[in-house]
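Inside the fold
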Amino acid sequence: MPDMSASLALTHLVPLAKEIDENKVTPGVLGFIVFAVMALAVWGLMKSMSKHMQKVDFKESPDAGSEQPSDSTPQRG
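First things first, this report covers the structure right here in the doc. Once a new chain begins, its residue numbering starts again from 1 and follows that chain's sequence as written. Reporting of local features is limited, given that this is a predicted model, to residues whose pLDDT is at least 70; pairs of side-chain atoms are given and counted only at 80 or more, and all residues count toward the totals for whole chains, interfaces and linings. Only hydrogens and water are set aside when side-chain values are computed; all heavy atoms of the structure are taken into account.

**Remarks on the overall build of the chain**
Threshold: Runs of H or I in DSSP of at least four residues are treated as helices and runs of E of at least two as strands, each being numbered from the N terminus. When accessible area is computed with a 1.4 Å probe and restricted to protein chains, residues below 20% of their type maximum are described as buried, those above 50% as exposed, and intermediate ones as partly exposed. Note on areas: Shrake-Rupley, 1.4 Å probe, and residue coverage restricted to the protein chains presented here.
Across its full length, the chain holds two helices and zero strands. Looking at the chain residue by residue over its 77 residues, the buried ones come to 0%. Counting only carbon and sulfur atoms, one obtains 65% of the accessible surface of the chain, whose full area is about 8,100 Å².

**Notes on a nonpolar patch on the surface**
Heads up, the rule is: For patch detection, residues must exceed 30% relative accessible area and be free of salt bridges, and they are connected within 9 Å for like charges or within 5 Å for nonpolar side chains (Val, Leu, Ile, Met, Phe, Trp, Tyr). Salt bridge, as used here: a side-chain nitrogen of Lys or Arg that lies within 4 Å of a carboxyl oxygen of Asp or Glu.
A cluster of nonpolar side chains, Val-42, Met-46, Met-49, Met-53, Val-56 and Phe-58, forms an exposed patch at the surface whose accessible area comes to about 610 Å². Along the chain, the position of Phe-58 falls in the segment after helix H2 (28–55). Owing to a relative accessible area of 62%, Phe-58 belongs among the exposed residues under this scheme.

Structure below.
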């Protein structure tokens, strides 16, 4: 004798399945997999970029010919 709760569950799920529009297109499992792969690729690229940006030295050497006075008032001669 089959399990009565399983058949009862199926009778409740059948009307729910009929309510779904058969002409409606959904991304499904393939869409989720593509989205997950793209998200992992962006995460990997951001992690790699962060590692490379930490290696960059932003200190600039001052030019000897373009020294300006430290105060903000202009010099008058």
